[in-house]
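Structural features, examined
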Amino acid sequence: MLVALIPSTENMPGGNAVKPGDVLVAMNDKTVEVNNTDAEGRLILADALAYACEKYEPSAIVDAATLTGACVVALGNVFSGYFCKDEDLRKKNH
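Small disclaimer: the values here were computed from a predicted structure and weren't measured.

Rules used in this analysis
Residues numbered from 1 in each chain as written. Predicted model: local features only at pLDDT ≥ 70, side-chain atom pairs only at ≥ 80, totals over all residues. Heavy atoms only, no water. Helix = DSSP H or I, 4+ residues; strand = E, 2+ residues; numbered from the N terminus. Rg over C-alpha atoms; globule rule 2.2 N^0.38 Å. Buried < 20%, exposed > 50% of the residue type's maximum accessible area, 1.4 Å probe, protein only. Contact = heavy atoms within 4.5 Å. Areas by Shrake-Rupley, 256 points an atom, 1.4 Å probe, with all protein chains shown as cover. Lys, Arg positive; Asp, Glu negative; His and termini not counted. Charge placed at Lys NZ, Arg CZ, Asp CG, Glu CD. Phe/Tyr/Trp six-rings, centres within 6.5 Å; stacked < 30°, edge-to-face > 60°.

Let us now look at the overall build of the chain. Each helix and strand counted, the chain has 3 helices and 2 strands in total. For the chain, the succession of helices and strands along the chain, N to C, is β-β-α-α-α. Expected size for 94 residues packed as a compact globule is a radius of gyration near 12 Å; at 16 Å, the chain overshoots this value by more than 25%. Overall, the chain is about 50 × 35 × 20 Å in size when its C-alpha atoms are taken along their principal axes. Across the 94 residues of the chain, 11% fall into the buried class. Look at the contacts in the chain between residues 6 or more apart in sequence, and 30% of them connect residues 24 or more apart. Carbon and sulfur atoms make up 54% of the accessible area of the chain, which amounts to about 8,100 Å² in all. Looking at the chain, you have 8 positive and 13 negative side-chain charges, and the mean spots of the two groups are 7 Å apart.

Structure below.
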């Protein structure tokens, strides 16, 4: 079975906006200190990954987030970077 989760949010200014120094509690009860005002994407991604693990107990997760701007700087717009601890899964990409 293939399951796709699409966590999304928008940056909104206001009195209740997330700000540096705030400490939030993620779905898996981990605390996260916000160090910059562009944290929303990373926070909802962390919750989506925790949700996927809890709800579906997946054998593998592919995170296709656009949060890795450093990969674009390093590899350009043609190639994608990926990280994988599982040697067998990594070899399936070739």
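The rest of the description comes next.
It is worth spelling out unusual backbone geometry at this point. Where the residue is not glycine, phi is negative for most of them; where a peptide bond is considered, it is trans in most cases. Of note, the phi angle at Asp-29 is positive, near 70°, even though the residue is not glycine. The topology assignment puts Asp-29 in the loop between β1 (23–25) and β2 (31–33). A positive phi angle, near 45°, is found at Glu-57, a position not held by glycine. Relative to the elements of secondary structure, Glu-57 occurs in the loop between α1 (40–56) and α2 (69–75). Residue class for Glu-57 comes out exposed when judged on its relative accessible area of 67%.

The next thing to look at is the packing of aromatic side chains. According to the stated counting rule, one finds 1 aromatic pair in the structure shown. With a centroid separation of 6.3 Å and 80° between ring planes, the pair formed by Tyr-51 and Tyr-56 is classed as edge-to-face. Exposure remark for Tyr-56: the relative accessible area of 34% places this residue in the partly exposed category.

Turning our attention to the environment of Pro-58. Position of Pro-58 relative to the elements: it lies in the loop between α1 and α2. Of the residues examined, Pro-58 reaches a relative accessible area of 35% and is grouped as partly exposed. Sequence separation between Pro-58 and Ala-17 is 41 residues; the distance between their C-alpha atoms is 33 Å. Here Pro-58 is in contact with Ala-52 and Cys-53, once residues within four sequence places are set aside.

What follows covers the environment of Ala-60. Note that Ala-60 resides in the loop between α1 and α2. On the basis of relative accessibility, which here comes to 39%, the residue Ala-60 falls in the partly exposed class. With 58 residues separating them along the chain, Ala-60 and Leu-2 place their C-alpha atoms 10 Å apart.

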